[in-house]
Amino acid sequence: MSDNSLTELDTALEGLEHLRISHDPLHDLFSPTTLAHDLMYVDKTYYGSRVLAHDPPNVLIDGQSWTKNIEKLHLPLRMHKMISSRPFNLVGSITRLDLQNIGLQSVPIQVITLTRLTFLDLSRNHLDTLPPAFRKLKQLRHLNISHNRLQRVPDVISTLRKLMYLDLSHNLFRGLPISLSSLFHLTWLDVSHTRIDAVPAEYLRLLQMTIRTDGCPRLQRKVSRFRHSIAHSPPSLVEICARKLFGECTDRSGNRQQQQQQQEHSPTYNSDRLPGHVIHYLSQKKPCSFCGGPYFDRPIIRYRITLQNDGHYIPVKYQLCAAHWTSEPDRILAFFSQPSFR
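Residues numbered from 1 in each chain as written. Predicted model: local features only at pLDDT ≥ 70, side-chain atom pairs only at ≥ 80, totals over all residues. Heavy atoms only, no water.

S.K.: Help me get a handle on the overall build of the chain, residues and values and all.
M.R.: Counting its regular elements, the chain contains 10 helices and 13 strands. Relative to its 342 residues, the chain shows a buried fraction of 44%. Restricting to contacts in the chain with at least 6 residues of sequence separation, those with at least 24 account for 44%. (Helix = DSSP H or I, 4+ residues; strand = E, 2+ residues; numbered from the N terminus. Buried < 20%, exposed > 50% of the residue type's maximum accessible area, 1.4 Å probe, protein only. Contact = heavy atoms within 4.5 Å.)

Here it is, written out as structure tokens:
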């Protein structure tokens, strides 16, 4: 190996000596000294004297809790390639992982095995989605996937129930999924510098959440020139039959428990006796933003402007099963009126 390569390797190994791994049955097997020896062996065996001219920023790994003062392990690009090796795969005590700006086009499968992760930074890469297996990271509290190529928000994010911080900024998606409203611990959502034009009304249930929306031109245009059509078409016969099959919820109090109980007691159907296109249609069931009742296709869209905790105005999008209201005074009156015919 060249002198520069040896110097770089020595620096990385000195950092390895300071790696702190939490008490774990694997502690004796993967002590800092043993891990340093394994990394040196792999580096010499598989990478030889190859020296990369342009090393991207370092990968940061930490086995301590993300809420404490921690020491970070700085690994050059060659050490980052250990993601696909056995030693990295077995260090199960890692709770903090920084993989920003290393050219990732997909999430390495070895990352999914780190089920104790509470902090994960995947920002400034080339990701266009997250794998379904990402749901295994159930302990995640901080997730940063900003500055990537997401054309839609991955559905798997809504399964990370302990998430408190989510950064989706600087991506290409044009809408936000309703499913994120199920993240009851979420206190920070950054969707700035994206192509969204509104925020789903269901997000208003997360009273402690701050939403950052600066740098969203479509959203700002809707705030400054707030106009939308209230014209809509009546539901089709198929839509009416599908709603009757599942039942219609008339609870407008926002009581999610009551709405869920009503949906659980909805009549079932025998899918074996239905054609494929009908089964597909029924699988598209979504809850009305106002009453919680089901709809399947072409909801009636309504908007209103709300003031956020940080003093910014944002347009909120309602997807309704019926024309419950057309204006803000009408919306308030609808809370105390009889259910409309659907």
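S.K.: How would you explain the state of the cysteines if you had to name every residue and give the values?
M.R.: The tally for this structure, following the rule as stated, stands at zero disulfides. Cys291 takes part in no disulfide bond, and the closest cysteine sulfur to it belongs to Cys321, at a distance of 3.6 Å. (Disulfide = S-S within 2.5 Å.)

S.K.: Explain the nonpolar core to me, using residue names and the numbers behind them.
M.R.: Nonpolar side chains in soluble globular proteins tend to end up buried together. The biggest cluster of nonpolar side chains holds 56 residues, and the ones touching the most others in it are Leu120, Leu122, Phe134, Ile157 and Leu168. Sorting the residues of this core by element identifies helix H5 (109–112) and strand S13 (313–320) as the ones contributing at least two each. Tallying contributions element by element places S13 first for this core, with four residues. Not counting chain neighbours up to four residues away, the residues in contact with Phe134 comprise Val107, Ile112, Leu120, Leu122, Leu140, Leu143, Val156 and Leu160. The next biggest cluster of nonpolar side chains, apart from the first, holds five residues, and it includes Ala242, Phe246, Tyr281 and Leu282. (Core = buried A, V, L, I, M, F, W, Y, C linked by side-chain atoms within 4.5 Å.)

S.K.: Explain unusual backbone geometry to me, using residue names and the numbers behind them.
M.R.: The phi dihedral of Asn101 is positive, around 55 degrees, even though this residue is not glycine. Structurally, the position occupied by Asn101 is in the loop between strand S3 (96–98) and H5. Phi at Arg298 is positive, roughly 50 degrees, even though this residue is not glycine. Within the element layout of this structure, Arg298 appears in the loop between strand S11 (294–295) and strand S12 (300–307). Looking at Arg298, the relative accessible area reads 72%, which means it is exposed.

S.K.: Help me get a handle on the pattern of salt bridges, residues and values and all.
M.R.: Any two side chains of opposite charge can pair, so long as their charged atoms come close to each other. As enumerated under the stated definition, the model contains eight salt bridges in all. The partner of Asp214 in a salt bridge is Arg212, with the nearest N and O atoms 2.8 Å apart. Using a relative accessible area of 32% as the deciding quantity, one classes Asp214 as partly exposed. Each of Asp190, Arg212 and Asp214 takes part in salt bridges that share partners, so that together they form one network. (Salt bridge = Lys/Arg side-chain N within 4 Å of Asp/Glu carboxyl O.)

S.K.: Summarise the layout of surface pockets; cite the residues concerned and give the values.
M.R.: Here the idea is plain: a probe the size of a water molecule rolls over the atoms and shows the empty space left. Here the second largest pocket is characterised by a volume of approximately 330 Å³. What lines the second largest pocket is a set of 21 residues, among which Ser233, Pro234, Pro235, Asp297 and Arg298 lie closest to the centre. Elements represented by at least two residues in the lining of the second largest pocket include exactly helix H7 (237–246) and S12. Looking at the lining of the second largest pocket, the element that brings in the most residues is S12, giving three residues. Its residues placed into classes, the lining of the second largest pocket shows 11 nonpolar, four polar and six charged. (1 Å grid on protein atoms, 1.4 Å probe; cavity = no way out; pocket = protein on both sides within 12 Å on 5 of 7 lines; lining within 4 Å. Points joined across faces, edges and corners; volume = space filled by probe spheres on them. Nonpolar A, V, L, I, M, F, W, Y, C, P; charged D, E, K, R; others polar.)

S.K.: Mind laying out the environment of Leu219, listing which residues take part and the relevant values?
M.R.: With respect to the helices, strands and loops of the structure, Leu219 is situated in helix H6 (residues 217–224). Leu219 sits 22 residues away from Asp197 along the chain, and the two C-alpha atoms are 3.8 Å apart. In contact with Leu219, not counting residues within four places along its chain, are Ile196, Asp197, Ala198, Thr213 and Pro315.

S.K.: Run through the sheet that holds strand S8 (residues 199–200), naming residues and quoting values.
M.R.: If you walk across this open sheet you meet the three strands as S8-S13-S12, and the pairing is mixed. Every other strand in the sheet has two partners, leaving S8 and S12 as the edge strands with one partner each. Those strands touched by H6 are S12 and S13, and its axis lies near 90 degrees from that of S13. (Pairing = 2+ DSSP bridges. Axes fitted to C-alpha atoms, helices over the stretch in contact; angles between N-to-C directions.)

S.K.: Can you tell me about the pairing of S12, naming the residues and giving the values?
M.R.: Two elements, S12 and S13, share eight bridges in a ladder whose sense is antiparallel. Looking at the pairing, Arg304 lines up with Val316 of S13. Two successive antiparallel strands, S12 and S13, enclose a turn made up of five residues, where Gly311 displays a positive phi of approximately 90 degrees.

S.K.: Summarise a nonpolar patch on the surface; cite the residues concerned and give the values.
M.R.: A cluster of nonpolar side chains, namely Ile332, Phe335 and Phe336, defines an oily patch on the protein surface of about 340 Å² accessible area. If you trace the backbone, Phe336 turns up in the segment after helix H10 (328–334). (Patch = residues over 30% accessible without salt bridge, like charges linked within 9 Å, V, L, I, M, F, W, Y side chains within 5 Å. Areas by Shrake-Rupley, 256 points an atom, 1.4 Å probe, with all protein chains shown as cover.)

S.K.: Describe the environment of Val199, with residues and values.
M.R.: For Val199, the location among the structural elements is in strand S8. Residues Val199 and Val316 lie 117 residues apart in sequence; the distance between their C-alpha atoms is 4.9 Å. Residues within four places of Val199 in sequence aside, it is in contact with Leu176, Ile211, Ile314, Pro315, Val316 and Lys317.

S.K.: With reference to specific residues and values, describe the packing of aromatic side chains.
M.R.: Applying the stated criterion to the full structure yields four aromatic pairs. Taken together, a centroid distance of 6.4 Å and an interplanar angle of 10 degrees make the contact between Tyr165 and Trp188 stacked. In this pair, Tyr165 is assigned in strand S6 (residues 165–167) and Trp188 in strand S7 (residues 188–190), connecting sequence segments 23 residues apart. For Trp188, a relative accessible area of 27% gives the class partly exposed. Consider the rings of Tyr318 and Trp325, whose centres lie 5.1 Å apart with planes at 85 degrees: the pair is edge-to-face. Across this residue pair, the class does not change: Tyr318 and Trp325 are buried. Directly above the ring of Phe119 sits Arg96, whose terminal nitrogen or CZ lies 3.8 Å from the centroid. Against the face of Tyr303 rests Lys222, its NZ or CZ located 4.3 Å from the ring centre. (Phe/Tyr/Trp six-rings, centres within 6.5 Å; stacked < 30°, edge-to-face > 60°. Lys NZ or Arg CZ within 6 Å of the ring centre and 35° of its normal.)

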